[in-house]
Amino acid sequence: QVQLVESGGGSVHAGESLKLSCAASTWILSFAYMGWYRQTPGSERELIARLPKLGMPEYTESAEGRFTISRRVAENTIYLYMKSLKPEDTAVYYCGADVGDNKTIHWGQGTQVTVSS
């Protein structure tokens, strides 16, 4: 059972930056994708950025241009650098390890990001 531990969330003002980290208990390249998702109360959890095992990072429209996903394989850790944060970025951010079978994603416990105007 893989364990994912997110950290780095917090409360910031609009325009500021944060860097989230997700440490995995197993080799991150054993997953088809490692990604960052976010969820607000009453909404579905949404993908914002992911790293395929091979290839370039993928971003959704909400992250493009402001967020950067990266990884350090030797430390089994992925990161999400977020700049120019907006109040609408306020959410719980989750790290997800996607097995690639279209149904199995392992989740971390989430980290809260709050952006005030």
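In the block above lies the structure referred to throughout.
Now for a quick tour of the structure. Computed from a predicted structure; not experimentally measured.

So, the state of the cysteines
Counting across every chain of the model gives one disulfide. Here C22 is linked by a disulfide to C95, with a sulfur-sulfur distance of 2.1 Å. In this structure the cystine formed by C22 and C95 twists about its S-S bond by roughly -75 degrees; its chirality is therefore left-handed. Linking C22 in strand β3 (residues 18-24) with C95 in strand β9 (residues 91-98), this pair joins segments that are 73 residues apart in sequence. For the pair C22 and C95, one class covers both residues: buried.

What to know about the side chain of D98
The residue D98 is located in strand β9 in this model. Despite its burial, D98 pairs with no opposite charge; the closest candidate is R50, at 4.3 Å N-O. For D98, the side chain forms a polar contact with the main-chain nitrogen of G100, separated by 2.8 Å. Residues contacting D98, with those up to four places away along its chain left out, are F31, A32, Y33, Y37, R50, T104 and I105.

Some words on the packing of aromatic side chains
Throughout the structure, instances matching the rule amount to two aromatic pairs. Ring geometry for Y37 versus W107: centroids 4.7 Å apart, planes at 80 degrees, classification edge-to-face. Placement of Y37 in strand β4 (residues 33-39) and of W107 in strand β10 (residues 105-107) is noted, with a sequence separation of 70 residues between them. Summarising the aromatic geometry, the rings of Y94 and W107 are spaced 6.4 Å apart at their centres and angled 80 degrees between planes, so their arrangement reads as edge-to-face. Of this pair, Y94 sits in strand β9 while W107 is found in strand β10, placing the two residues 13 residues apart along the sequence. For W107, a relative accessible area of 35% corresponds to the partly exposed category.

Cut-offs applied
- Residues numbered from 1 in each chain as written.
- Predicted model: local features only at pLDDT ≥ 70, side-chain atom pairs only at ≥ 80, totals over all residues.
- Heavy atoms only, no water.
- Disulfide = S-S within 2.5 Å.
- Helix = DSSP H or I, 4+ residues; strand = E, 2+ residues; numbered from the N terminus.
- Buried < 20%, exposed > 50% of the residue type's maximum accessible area, 1.4 Å probe, protein only.
- Lys, Arg positive; Asp, Glu negative; His and termini not counted.
- Salt bridge = Lys/Arg side-chain N within 4 Å of Asp/Glu carboxyl O.
- Polar contact = N/O pair within 3.5 Å; in protein donor to acceptor, adjacent residues only side chain to side chain.
- Contact = heavy atoms within 4.5 Å.
- Phe/Tyr/Trp six-rings, centres within 6.5 Å; stacked < 30°, edge-to-face > 60°.

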